[in-house]
Amino acid sequence: MSDRIVDAKVIVTCPGRNFVTLKLTTADGVTGLGDATLNGRELAVATYLQEYVCPLLLGRDPAQINDTWQYLYRGAYWRRGPVTMASIAAVDMALWDIKAKTAGMPLYQLLGGRARDGVTVYGHANGRDIPEVLDEVAAFLERGYKAVRVQVGIPGLGAVYGVSKDRTFYEPATGTDRPEETRWSTEAYLHFVPQLFAAVRDRFGFDFHLLHDAHHRLTPTEAAKFGKRIEEYDLFWLEDPTPAEAQDAFRIIKQHTTTPIAVGEVFNTIWDCHQLISERLIDFIRVTPVHAGGVSHVKRIVEFADLYGVRSGFHGATDMSPVCMAAAIHLDMSIANFGLQEYMHHTEETNAVFRHAYYFADGCLHPGDEPGLGVTLDEELAATFPYRRAYLPVNRLLDGTMFHW
Ligand SMILES: O=NC(=O)[C@@H](O)[C@H](O)[C@H](O)CO
Ligand SMILES: [Co+2]
């Protein structure tokens, strides 16, 4: 008699920031965890899981990962979208966790085994001005990082994306009653940021990967011009240069610049990036297990991407819990077209709630050898951090026009 799922519960906790986790338990006493965190809309996913998904999981065979994925995807009728796909992702991650634990091996072994020594990561150097960013780049390089993302305050503007208020930890979702509002000038940004890249390359040279996130804020033409302007600084990637709903807009960027493009953290299925990949309009795909249907669907996307020379660059910000980070690292270890992994370390409280086997060493994350994902959730400790609504910021142009955050 095969095993059965006998318990499915959603755990919402806020150790420094909100996380939603699905925990499945089988009749054989094997548990699996899945990240279901959607930053700024957490309870929408928690409710979707609790009300509509968990009741359907009870009694199902945990070994049937593919059938369960299709049951939840095709069975929802209303396909795709961040809430549905984060819910399916959590189930998928938890079932892979159970399968690998049952097989007595770390998940990457089940996904085809080790394809590299470690998962090269990039850290987030940021500052209110260029000197502060340079100090942070130095600190990351001293800690052995081989890749660093740089984000800087823009003279004349207040808070901007990617610049943390406290020097140790970046958490953008801060608005409890309503979103924080920021003001933006693309002209000021385009004028200033090349100076940041010049200062970084002048001081640290070219033998590490330099990255930057434009966070959806340019028009395709501005992105094409900006990409061309910064070619001399040899970025490893320019991220989210323009909103990617219009996938064909990236043809304009690709026609004008060889600066590599990374897109995809807001995507939730292969249909969001099918054209970007098959027309080679991007160089890195940034989907991550929690937002893009779990281990199974992200694996499909990166294997499709491999056909077109597009590499992985999974999203790994603080709002991906250690459960998602672990799933990403197991995928990173086993795929052929690994590119780079984002790694924004979590708070001590988060690491206490989500104890994990993965660890950082010599510029890489390593999955560890615990069976499954290698993550355990301390439910008692989790309960001491109650949910607290936290909105992501809203961004307007200087004249008040709603813009992209
Ligand atoms: O590349 N990383 C990012 O763009 C992140 O910082 C996102 O703004 C947050 O994960 C949104 O919740
Ligand atoms: Co980004």
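This text follows the structure it describes.
The structure presented is a predicted model; accordingly, all values stated were derived computationally and were not measured.

Chemist: Looking at this structure, how should I read the environment of Asp283?
Modeler: Within the fold, Asp283 resides in the loop between α9 (274-278) and β10 (284-285). Residue Asp283 is classed as partly exposed on the basis of its relative accessible area, which comes to 22%. When the C-alpha atoms of Asp283 and Ile98 are compared, they prove to be 33 Å apart, with 185 residues separating the residues in sequence. Excluding its chain neighbours within four sequence positions, the residues that come into contact with Asp283 are Lys254, Thr259, Pro260, Ile261, Gly309, Val310 and Arg311.

Chemist: I tried to follow the environment of Leu107 on my own but got confused; where do I start?
Modeler: With respect to the helices, strands and loops of the structure, Leu107 is situated in helix α4 (residues 107-110). The class of Leu107 is buried, set by a relative accessible area of 0%. Residues Leu107 and Val6 lie 101 residues apart in sequence; the distance between their C-alpha atoms is 22 Å. Once you skip the residues sitting within four places of it in the chain, Leu107 turns out to touch Trp96, Ala100, Val295, His330, Gly372 and Leu373.

Chemist: Please explain the coordination of the cobalt ion (ligand 2) as it appears in this structure.
Modeler: In an ideal tetrahedron of four donors about a metal, each angle is 109.5 degrees. In an ideal octahedron of six donors, the angles are 90 or 180 degrees. Binding of the cobalt ion (ligand 2) to the protein goes through Asp213 (OD), Glu239 (OE) and Glu265 (OE), at separations of 1.9 to 2.2 Å. Classification of Glu239 as buried rests on a relative accessible area of 0%. Given a relative accessible area of 11%, Glu265 falls into the buried group.

Chemist: How should the site of ligand 1 be read in this particular structure?
Modeler: Close contacts around ligand 1 come from 14 residues, with Asn39, Tyr161, His215, Glu239 and Glu265 the closest. Between Arg286 and ligand 1, the recorded distance is 3.0 Å, taken from a side-chain N or O atom to an oxygen atom. Glu342 is positioned such that a nitrogen or oxygen atom in its side chain is 3.2 Å from a nitrogen atom of ligand 1. Isolated, ligand 1 exposes 330 Å² of accessible area, and the fraction of that covered by the protein chains is 95%. Counting atoms within 2 Å of the grid points, the majority share of ligand 1 lands in the largest pocket. Taken together, the residues of the shell around ligand 1 sort by class into four nonpolar, three polar and seven charged.

Parameters and conventions
Residues numbered from 1 in each chain as written. Chains lettered and ligands numbered in written order. Predicted model: local features only at pLDDT ≥ 70, side-chain atom pairs only at ≥ 80, totals over all residues. Heavy atoms only, no water. Helix = DSSP H or I, 4+ residues; strand = E, 2+ residues; numbered from the N terminus. Buried < 20%, exposed > 50% of the residue type's maximum accessible area, 1.4 Å probe, protein only. Contact = heavy atoms within 4.5 Å. Donors = N, O, S within 2.8 Å, 3.2 Å for Na, K, Ca; no water. Near = heavy atom within 4 Å. Polar contact = N/O pair within 3.5 Å; in protein donor to acceptor, adjacent residues only side chain to side chain. Areas by Shrake-Rupley, 256 points an atom, 1.4 Å probe, with all protein chains shown as cover. 1 Å grid on protein atoms, 1.4 Å probe; cavity = no way out; pocket = protein on both sides within 12 Å on 5 of 7 lines; lining within 4 Å. Sits in = over half its atoms within 2 Å of the grid points. Nonpolar A, V, L, I, M, F, W, Y, C, P; charged D, E, K, R; others polar.

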